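Next come the chains, spelled out residue by residue.
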Amino acid sequence: TCALPIFALPIEQFQPKETYDLVAMLNVIEHCYNVPVIFRKIWDMTRPGGVMLFHDRYYDHEQVIVEAERVYDAAHPLKVDRRMINAFLNRFQGIFFRIVTTHGFTQHSAPGDQVYFIGLKPQSA
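About the criteria used
- Residues numbered from 1 in each chain as written.
- Predicted model: local features only at pLDDT ≥ 70, side-chain atom pairs only at ≥ 80, totals over all residues.
- Heavy atoms only, no water.
- Buried < 20%, exposed > 50% of the residue type's maximum accessible area, 1.4 Å probe, protein only.
- Helix = DSSP H or I, 4+ residues; strand = E, 2+ residues; numbered from the N terminus.
- Arc of directions from axis to C-beta.
- Polar contact = N/O pair within 3.5 Å; in protein donor to acceptor, adjacent residues only side chain to side chain.
- Contact = heavy atoms within 4.5 Å.
- Salt bridge = Lys/Arg side-chain N within 4 Å of Asp/Glu carboxyl O.
- Pairing = 2+ DSSP bridges.
- Axes fitted to C-alpha atoms, helices over the stretch in contact; angles between N-to-C directions.
- Parallel < 35°, antiparallel > 145°, perpendicular 65-115°, else oblique.
- Left-handed = near helix turned anticlockwise from the far one by under 90°.
- Nonpolar A, V, L, I, M, F, W, Y, C, P; charged D, E, K, R; others polar.

Trainee: Whenever I open this one, helix α3 (residues 82–89) confuses me. Can you help?
Mentor: Residue pairs three or four apart in sequence face the same way in an α-helix, which turns once every 3.6 residues. Inspection of α3 places Arg82, Ile85, Phe88 and Leu89 among the buried residues, and these make up the whole buried set. Seen along its axis, α3 keeps its buried residues to an arc of 120 degrees; they face one direction. Where α3 begins, the side chain of aspartate 81 points an oxygen toward the backbone nitrogen of arginine 83, at a separation of 2.7 Å.

Below, the structure is given as structure tokens:
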């Protein structure tokens, strides 16, 4: 068996010493505080030719403003405008991109858009 390292710290503090063939970032952004740092770290730790899987809420700018004025959720402090997400995802060669609109019918499903993405980091990166 292969023992994988476990890092118990916020991604903003993670200092990757190597690159990875696969980086998965699923429903992470809203739990963090500094999206430019997060995106830089994800980019740096994905090896050229590596796969990045991504899923998160996909807010319009107006939604971010309304949410920020309406409520502060300590468990979900960060709401990221889809333009910022798109700028990051566009650095990868897209294999799969889908936006799914949820209607909040279940206990853990808030209404709104969700983005699902699979991409390859360019070999020349």
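That shown, we press on.
Trainee: Any chance you could explain helix α1 (residues 35–45) here in plain terms?
Mentor: Burial runs high along α1: eight of the 11 residues are buried. Along α1, the residues classified as buried are Val35, Val37, Ile38, Phe39, Lys41, Ile42, Trp43 and Met45. For α1, the secondary structure elements touched by its buried residues are β1 (20–26), β2 (46–57) and α3.

Trainee: In this structure, what is going on with the pattern of salt bridges? I would like to understand it.
Mentor: In a structure, side chains of opposite charge can pair up when their charged atoms sit close to one another. Per the counting criterion, the structure on display carries four salt bridges. The partner of aspartate 60 in a salt bridge is arginine 82, with the nearest N and O atoms 2.9 Å apart. Of this pair, aspartate 60 sits in the loop between β2 and α2 (61–70) while arginine 82 sits in helix α3, and the two are 22 residues apart along the sequence. By relative accessible area, which is 33% here, aspartate 60 ends up partly exposed. Looking at arginine 82, the relative accessible area reads 14%, which means it is buried. Here aspartate 81 ties to arginine 83 by a salt bridge, and the two come within 2.8 Å at their closest N and O atoms. Looking at arginine 83, the relative accessible area reads 55%, which means it is exposed. Taken together, the shared-partner salt bridges connect Asp60, Arg82 and Asp113 into one network.

Trainee: Would you take a moment to explain the pairing of strand β4 (residues 112–120) for this structure?
Mentor: Two faces make up the sheet, and in a regular strand the side chains alternate between them. Relative to β4, β2 runs antiparallel, the two sharing seven bridges. Residue pairing in the sheet places histidine 55 in a bridge with tyrosine 116 of β4. Pairing geometry for strand β3 (residues 93–102) and β4, over nine bridges, is antiparallel. Counted as the bridge partner of glycine 94 is glycine 119 from β4.

Trainee: So what exactly am I meant to see when it comes to the side chain of arginine 82 here?
Mentor: Among the polar contacts listed, one links the side chain of arginine 82 to the side chain of aspartate 60, at a separation of 2.9 Å. Only 2.9 Å separates the side chain of arginine 82 from the side chain of aspartate 113, close enough to count as a polar contact. Those residues in contact with arginine 82 that lie beyond four places of it in its chain are Tyr58, Tyr59, Asp60, Gln63, Ile99 and Asp113.

Trainee: Would you explain the packing of α1 against α3 in this entry?
Mentor: Axis angle and axis distance: for two packed helices, these are the angle between their axes and the distance between the axes, and together they describe the pair. Direction vectors running N to C along α1 and α3 enclose 20 degrees, while the axes themselves pass 11 Å from each other. Between α1 and α3, the angle falls in the class roughly parallel. Judged by the sense of rotation from one axis to the other, the crossing of α1 with α3 is right-handed. For the pair α1 and α3, contact is made by Val35, Pro36, Phe39, Ile42 and Trp43 and by Met84, Ile85 and Phe88, respectively. Within the contact of α1 with α3, the residues separate by chemical class into eight nonpolar, no polar and no charged.

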